[in-house]
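Here is what each chain is made of, one letter per residue.
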Amino acid sequence: MKLKIGIGLLLLTIWACGSSSKMTEPTTESRKLDEMIDQKSFEIVSEWAMPQMTNSMNSISNAGLFPPGSAGSRITLIGNPNYLRVFGDSVSAHLPYYGERQMGGGYNSTTTAIKFKGIPKDFEITKDTKDQSYVVHFEINDKTENYNVNLKLFPNLKGNINVNSSQRFQIRYSGDVAAIAEE
């Protein structure tokens, strides 16, 4: 009797855990993302910045110098204008930077943000067929700094940005993906 119950439970577990062989229909958001990628026309507006935690960032966090609702490893950007745009062969970004610089930024620097605009090197878009997301990679530089940028765009129109810089510690951003509004 126990053997029959055991076999029944095993079969039930295998059946319940089995994956469906049916393909699901793409959602409206997923189709929008596919269209934006095909046209190379989208932007990410970030809601969160996630700098690399260091002793200095921990000290600033403990001093209460971050916006309300933020911590040293996750800083809210709501109300702080920012973007990363891909339009055709060009990219541009204005992302607030929180973290440590590895080299000096120069005297009379006009901005501490990550800013770039132009045609990137090694621009590549690949689709992850498992979760229907896209991975975008490119390299770009401004006058004094080189950036290695990776984007992960999800079918629910959420996106992550990972920026590695020649002069700053790594930082990540997360936010919403949208089509670029025509002006």
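Residues numbered from 1 in each chain as written. Predicted model: local features only at pLDDT ≥ 70, side-chain atom pairs only at ≥ 80, totals over all residues. Heavy atoms only, no water.

Participant: An account of the pattern of salt bridges is needed here, citing residue identities and associated values.
Facilitator: A pair can form between side chains of opposite charge whenever their charged atoms are brought close. Summed over the entire model, instances satisfying the criterion amount to 7 salt bridges. With a shortest N-O distance of 3.9 Å, Arg101 and Glu145 are connected by a salt bridge. Placement of the pair is Arg101 in the loop between β4 (90-95) and β5 (114-118) and Glu145 in the loop between β7 (133-141) and β8 (146-153), with a sequence separation of 44 residues. One network of salt bridges, with partners in common, ties together Arg101, Glu145 and Arg168. (Salt bridge = Lys/Arg side-chain N within 4 Å of Asp/Glu carboxyl O. Helix = DSSP H or I, 4+ residues; strand = E, 2+ residues; numbered from the N terminus.)

Participant: Which residues make up the packing of aromatic side chains, and what values go with them?
Facilitator: Following the criterion strictly, the structure yields 3 aromatic pairs and no others. Measuring from centroid to centroid gives 5.4 Å for Phe116 and Tyr147, while their planes differ by 40 degrees, and the two rings are tilted. Here the residue Phe116 occupies a position in strand β5, and Tyr147 occupies one in strand β8, the gap between them amounting to 31 residues. Here the two residues Phe116 and Tyr147 agree in accessibility, since each one is buried. Measuring from ring centre to ring centre gives 6.0 Å for Phe123 and Phe138, while their planes differ by 25 degrees; the resulting arrangement is stacked. Taken together, the residues Phe123 in strand β6 (residues 121-128) and Phe138 in strand β7 connect sequence positions 15 residues apart. For Phe138, a relative accessible area of 0% puts it in the buried group. In this structure an aromatic cluster arises from ring pairing among Phe116, Phe123, Phe138 and Tyr147. One cation-aromatic arrangement involves Arg85 over Tyr83; the distance from NZ or CZ to the ring centre is 3.9 Å. (Phe/Tyr/Trp six-rings, centres within 6.5 Å; stacked < 30°, edge-to-face > 60°. Buried < 20%, exposed > 50% of the residue type's maximum accessible area, 1.4 Å probe, protein only. Lys NZ or Arg CZ within 6 Å of the ring centre and 35° of its normal.)

Participant: Kindly report on the confidence of the model for the protein chain, identifying the contributing residues and their values.
Facilitator: Residue-level pLDDT values for the protein chain average 85, and 80% of them are 70 or greater. Note that residues 19-23 has pLDDT below 50 and, in this model, 0 contacts with residues that lie over four places away or in other chains. (pLDDT = per-residue confidence, 0-100. Contact = heavy atoms within 4.5 Å.)

Participant: Just give me the short version of the pairing of β7, but keep the residues and values in it.
Facilitator: On any regular strand, side chains alternate: one points to one face of the sheet, the next to the other face. Pairing of β6 with β7, which is carried by 6 bridges, proceeds in the antiparallel orientation. Among the inter-strand pairings, Lys121 is bridged to a residue of β7, identified as Glu139. Hairpin geometry of β6 and β7 is characterised by an intervening segment of 4 residues between the two adjacent antiparallel strands and by a positive phi of about 60 degrees at Gln132. In textbook terms, the turn of a hairpin is the stretch between consecutive antiparallel strands, and for β7 and β8 this stretch comprises 4 residues. (Pairing = 2+ DSSP bridges.)

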